[in-house]
Amino acid sequence: MKALKIGDIEVRLPIIQGGMGVGISGARLASAVATQGAIGVIATVGLGLLHDHDGRNYKQNNINSLRTELQKAKALTNGVLGVNILVAVTDYDNLVRTSVEEGADIIFSGAGLPLSLPALVPADSKTKLVPIVSSARAATVICDKWKNTYNRLPSAIVVEGPKAGGHLGFKEDQLFDPNFQLEKLLPEVVTAVRAIEKKYNSTIPVIAAGGIFTGADIYNFMQMGASGVQMATRFVATHECDASEAFKQKYIDATEKDISIIKSPVGMPGRAIYNKFLQGVNEGIRTPINCPHHCLRTCNYKTSPYCIAKALVQARIGNTDEGFVFAGSNAYRIDKIISVKELISTLEMEYDEAAKRA
């Protein structure tokens, strides 16, 4: 595999471990990935629900917990560490500023267009800014906005297709439409970004994400113009993943028909492993709750049948019947839990084999 360069950052492998909340990709997983020469990512959403710094103040808990996770990860590795911050969270600005203060190498930001992200990060900061998009149009809008308003451009751009796990940046009828698959989106984004690079005499790597599962997939998408890939689902079934063993076992036990599209309270479709909790939601057993956190701007908590933050935390700690497990479209293909080192070695071997066949 070719090295991945994002600004003045260079990693041996063109692999980014996708951010997975709530608490699925924390310090332990991110540091393990970074140690192997890829980019490890801590998901910031809902961290305040996992660390009891101050039970009365959810947003302050988030800040304190993010500091804890980043400091812990930095103590475990000298590799490259990023954070994933959803545009939709109500404490977005503070999470961004805290990430910069704690020396995060990269901020990945999606679930909305991060149009004002550069305003929160000093121009001389070493932290790289990488938006996550689902179309060439979104990539162009962000680049033009950043350049015209802040005289800055993204350090890289992640384009995520509809086979990803968790919340998806597509309408439900687009998820299986050939016109919206990553194989179609990636070349469009690469073309748009190349025009921006030429216009502003800059370099902006494009990262492919969503449904990438094997080293052969990495090879194929890099042949399409990607400078690297982002993968999340594969990293759940590792010993170092921060989720409980019961959470990981859901991946091992899942069949293809268990991978389902759900309607999330945040107003976006999502992909998860179907279980009793989601069955209860579909049958109307779950009833609206009084939301104590207001953690997501787009969540209609007054009419929602459940609190998604609470459901994801319960799944993370192993109470899967009281929540559910987000997963990518290929999660059912996982049949065992391995180390991050073994996973990376497998991906490298598969990549080399694909290159030789080509």
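Positions within a chain are numbered from 1, following the residues in the order the chain's sequence is written. Owing to the predicted nature of the model, reporting of local features is limited to residues with pLDDT of at least 70; listing and counting of side-chain atom pairs is limited to 80 or more, with chain, interface and lining totals taken over all residues. Hydrogen atoms and water are omitted, and side-chain values are computed over all heavy atoms in the structure.

**Student:** In this structure, what is going on with unusual backbone geometry? I would like to understand it.
**Tutor:** Leaving glycine aside, a negative phi is the common case for residues, and trans is the common case for peptide bonds. The linkage connecting G21 with the following residue, V22, adopts the cis geometry, with an omega of 0 degrees. A helix here means a DSSP run of H or I that spans at least four residues, while a strand means a run of E at least two residues long, and both kinds are numbered starting from the N terminus. Tracing the backbone shows V22 in the loop between β3 (15-17) and α1 (27-35). The backbone phi angle of A111 is positive, close to 60 degrees, even though this residue is not glycine. Counting through the fold element by element, A111 comes out in the loop between β6 (106-110) and β7 (128-133). Overall, A111 belongs to the partly exposed group, its relative accessible area being 32%. Positive phi, close to 50 degrees, is recorded for N201, a residue that is not glycine. Mapped onto the elements, N201 comes out in the loop between α5 (182-200) and β10 (206-209). For each residue, the accessible area found with a 1.4 Å probe, counting protein chains only, is set against the maximum for its type, and the residue is called buried under 20%, exposed over 50%, and partly exposed in between.

**Student:** Sorry if this is basic, but what is going on with the pattern of salt bridges here?
**Tutor:** A side chain with one charge can pair with a side chain of the opposite charge if their charged atoms come near. A pair is scored as a salt bridge if a Lys or Arg side-chain nitrogen falls within 4 Å of a carboxyl oxygen belonging to Asp or Glu. This model, assessed by the stated rule, comprises nine salt bridges. When the shortest N-O distance is used, the salt bridge between R12 and E348 registers 3.0 Å. Of this pair, R12 sits in the loop between β2 (9-11) and β3 while E348 sits in helix α11 (residues 340-357), and the two are 336 residues apart along the sequence. Looking at E348, the relative accessible area reads 22%, which means it is partly exposed. E69 is the salt-bridge partner of K72, the closest N and O atoms lying 3.8 Å from each other. Highlighted residues: K72 and E69, both in helix α2 (residues 58-76), separated by three residues, approximately one helical turn. Judged by relative accessible area, which is 39%, K72 ranks as partly exposed. According to the relative accessible area criterion, E69 is buried, its value standing at 6%. What you see here is one network of salt bridges that share partners, running through R67, E101 and E102.

**Student:** When you look at the packing of aromatic side chains in this model, what are you seeing that I'm missing?
**Tutor:** Pairing of aromatic side chains here covers Phe, Tyr and the six-membered ring of Trp, requires ring centres within 6.5 Å, and sorts the geometry by plane angle: under 30 degrees stacked, over 60 edge-to-face, intermediate tilted. As enumerated under the stated definition, the model contains six aromatic pairs in all. With a centroid separation of 6.0 Å and an interplanar angle of 90 degrees, the aromatic rings of Y306 and F324 are classed as edge-to-face. Of this pair, Y306 sits in the loop between α9 (276-282) and α10 (308-316) while F324 sits in the loop between α10 and β14 (325-326), and the two are 18 residues apart along the sequence. Taking relative accessible area as the criterion, F324 reaches 0% and is therefore assigned buried. Through a chain of ring-to-ring contacts, three or more aromatic side chains come together here, namely F277, Y306, F324 and F326. Think of it as a cone above the ring: NZ of Lys or CZ of Arg counts as a charge over the ring if it is within 6 Å of the ring centre and within 35 degrees of the ring normal. Taking NZ or CZ as reference, R234 lies 4.4 Å from the ring centre of F213, over its face.

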